[in-house]
Amino acid sequence: MSIRGIFVGLALLSVCLQSAAVAGNASRANFGKLPDGRAVEAVTLEGDKGISATVINYGATLQALVLPDRNGNRADVMLGYKSLDGYLTKPEYFGSTVGRFANRIANGRFKLDGKDYQTPRNNNGHSLHGGDRGFDKVLWDIVEVRKGKTASVTLRYVSPDGDQGYPGTLTVLATYALTGSELSIEYSATTDRATIVNITNHAYWNLAGEGAPGGAMGHVLTIPAESYTPVDAGLIPTGEFRSVAGTVFDFRKPTEVGARVRDSDPQIMMGRGYDHNFVIARDVAREPRLLARVEEPSSGRGFELWSNQPGLQFYSGNFLDASVVGKSQRAYRQGDAIVLEPQIFPDTPNQPKLGSARLEPGQTYRNVMAYRLFTAQPRR
């Protein structure tokens, strides 16, 4: 090869490397207006593997996640709405950021430094996902959108002191990032006075496709948890750590979600399926660890979920009742999706043996979640 040919080749290689470095794209679009006239935006992150994620700043919500199957056919695997109106008129936490305190607080009450606090009792006498107007029902600011090898969007919400009964002004950041075959969500928060915090994402997954018939009961789930926290009739933890061994809660080996979801176990009957916290560890970790693996056999779509949180709330879509028509114009019914929420344990503020939800000034709360997406080949 001539010297000139070598230089041309190097130049082409340089262009290719630069293209690879900016493979991720991020674009912004209008997603409607709130009743008070404020605009809602959608940010779409696109990678180089046929994967795209759309985030709207109402509720810092993962509105869509498009994945290829083993044959290259792409489908949206997130339940939700095509337009803003659905998120406003019949919110179901579809893909939303939930907080200040995700999951349940018994009777909506907790004590901090000797003072009693009351939050909205919006779920059978208890507080759920932050109250009547949690983080899923507010407009977040878009503070940064980035393109490049990692495409990302960062959003911010400042929850004032006394918001939904919680103490302290809480400043929250949510960053969605797409790198290759990994979608990550990172939540961080700081406060100006002692408070409690538990923030997570409430994505509803159907890896066969958002409107695919048959729902998510055929998804194969693995959860590496030795125990779970049983609940009372109000779905509040009893305080017990119960072994999963020999029970319908043992997902240590890959198991179809629907295999035991109609079991006569009293815990299953109270929740109308799974709506329980699985104990991955007893404390928040410095680095993410494996919380779950999910695979949909017919399409091959799947993911591993990694997080630094000690608990995983597994919900099998028990209360989807066909009253919601989703993006594909199909009614969502019981079992049409599953939800996997990394978090601290429910009702922790009232049960010290479950851990601590306390956040002090000068500290930073972090929940790091990574969805390591894959496409599996058929089993032989």
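Anything mentioned here points back to the structure above.
What counts, and at which threshold
- Residues numbered from 1 in each chain as written.
- Predicted model: local features only at pLDDT ≥ 70, side-chain atom pairs only at ≥ 80, totals over all residues.
- Heavy atoms only, no water.
- Salt bridge = Lys/Arg side-chain N within 4 Å of Asp/Glu carboxyl O.
- Helix = DSSP H or I, 4+ residues; strand = E, 2+ residues; numbered from the N terminus.
- Buried < 20%, exposed > 50% of the residue type's maximum accessible area, 1.4 Å probe, protein only.
- Pairing = 2+ DSSP bridges.
- Axes fitted to C-alpha atoms, helices over the stretch in contact; angles between N-to-C directions.
- Core = buried A, V, L, I, M, F, W, Y, C linked by side-chain atoms within 4.5 Å.
- Contact = heavy atoms within 4.5 Å.
- Phe/Tyr/Trp six-rings, centres within 6.5 Å; stacked < 30°, edge-to-face > 60°.
- Lys NZ or Arg CZ within 6 Å of the ring centre and 35° of its normal.

Sorry, what's going on with the pattern of salt bridges here?
When charged atoms on two side chains of opposite charge get close, those side chains can pair. Evaluation of the coordinates by the stated rule reveals 16 salt bridges. Asp-275 is the salt-bridge partner of Arg-104, the closest N and O atoms lying 3.5 Å from each other. Of this pair, Arg-104 sits in strand 7 (residues 104–105) while Asp-275 is found in strand 22 (residues 275–279), placing the two residues 171 residues apart along the sequence. You can call Arg-104 buried: its relative accessible area is 6%. The partner of Arg-252 in a salt bridge is Asp-250, with the nearest N and O atoms 2.8 Å apart. Taking the relative accessible area as the measure of exposure, Arg-252 reaches 35% and is therefore partly exposed. The class of Asp-250 is buried, set by a relative accessible area of 16%. Several salt bridges share partner residues, and in doing so they unite Asp-113, Arg-358 and Glu-360 into one network.

For this particular structure, what's the right way to read the sheet that holds strand 3 (residues 52–56)?
Consider a sheet: its strands pair through backbone hydrogen bonds, and that pairing is either parallel or antiparallel. Strand order across the open sheet formed by five strands is 1-2-3-4-5, with antiparallel pairing between neighbours. In this open sheet, the two strands that pair with only one neighbour each are strand 1 (25–33) and strand 5 (74–76). On average, each strand axis in the sheet is tilted by 20° relative to the strand beside it, whichever way the strands run. Looking at chain direction, strand 1 and strand 2 (residues 39–46) are connected through seven bridges and run antiparallel. What sits directly across from Ser-27, in strand 2, is Thr-44.

When you look at the nonpolar core in this model, what are you seeing that I'm missing?
One broad trend across soluble globular proteins is that nonpolar side chains are buried collectively. In this structure, Trp-205, Ile-223, Phe-314 and Leu-340 are the most contacted members of the largest nonpolar core, which totals 64 residues. Not counting residues up to four positions away in its chain, the partners in contact with Phe-314 are Leu-221, Ile-223, Phe-251, Val-257, Tyr-274, Asp-275, His-276, Phe-278, Ile-338, Val-339 and Leu-340. Core analysis: the next-biggest nonpolar cluster, separate from the first, contains 19 residues, Phe-31, Leu-320, Ala-337 and Val-339 among them.

Honestly, the sheet that holds strand 11 (residues 141–146) in this entry has me stumped. Any pointers?
A sheet is described by the order of its strands in space; here nine strands give the open sequence 11-12-13-14-30-24-23-18-21, paired in antiparallel fashion. Two strands close off the open sheet at either side, each with one partner strand: strand 11 and strand 21 (255–256). Pairing of strand 11 with strand 12 (residues 150–159) involves five bridges; the strand directions are antiparallel. Bridging across to strand 12, Glu-144 finds its partner in Thr-154.

Looking at this structure, I do not really get the pairing of strand 9 (residues 115–118). What am I missing?
For a regular strand, side chains alternate in direction, first toward one face of the sheet and then toward the other. Looking at chain direction, strand 8 (residues 109–112) and strand 9 are connected through four bridges and run antiparallel. Within strand 9, the position partnered with Arg-109 by the bridge is Gln-118. From the end of strand 8 to the start of strand 9, which pair antiparallel, there are two residues, and Asp-113 there has a positive phi angle of about 50°.

Just to check I follow, could you spell out the side chain of Gln-63 for this structure?
If you trace the backbone, Gln-63 turns up in strand 4 (residues 61–68). A residue is classified by how much of its surface remains accessible, and Gln-63, at 8% relative accessible area, is buried. If near-sequence neighbours (up to four positions away) are discounted, Gln-63 is found in contact with Phe-31, Thr-54, Val-55, Ile-56, Asp-76, Met-78, Tyr-81, Lys-82, Tyr-87 and Lys-327.

I'm lost on the packing of aromatic side chains in this one. Help?
Within a pair of aromatic rings, the relevant descriptors are the distance that separates the centres and the angle that separates the planes. One pass over the structure, following the stated rule, counts 25 aromatic pairs. When the ring of Phe-135 is compared with that of Tyr-157, the centres are 5.7 Å apart and the planes differ by 65°; the resulting orientation is edge-to-face. You can see Phe-135 sitting in the loop between strand 10 (127–128) and strand 11 and its partner Tyr-157 sitting in strand 12, a full 22 residues away along the chain. The burial state of Phe-135 is the same as that of Tyr-157; both residues are buried. Relative to Tyr-371, the ring of Trp-205 lies with its centre 5.2 Å away and its plane at 45°, an arrangement referred to as tilted. You can see Trp-205 sitting in strand 17 (residues 204–205) and its partner Tyr-371 sitting in strand 30 (residues 365–375), a full 166 residues away along the chain. Classification of Trp-205 as buried rests on a relative accessible area of 1%. Here the aromatic cluster, defined as three or more aromatic residues joined through ring pairs, consists of Phe-31, Tyr-81, Tyr-87, Phe-94, Tyr-204, Tyr-315, Phe-319 and Tyr-332. The ring of Phe-241 carries Arg-282 above its face, with NZ or CZ at 3.8 Å from the centroid. The ring of Trp-306 is capped by Arg-372, whose NZ or CZ atom sits 4.0 Å from the centre of that ring.

Got a minute to help me understand the environment of Val-77 in this structure?
Note that Val-77 resides in the loop between strand 5 and helix 2 (84–89). Distance from Val-77 to Asp-336, taken between C-alpha atoms, is 11 Å for residues 259 residues apart in sequence. For Val-77, the residues in contact, after removing those within four places along its chain, are Leu-65, Leu-67, Tyr-204, Trp-205, Asn-206, Leu-207, Glu-210 and Arg-301.

Nothing here speaks to function; it is all geometry.
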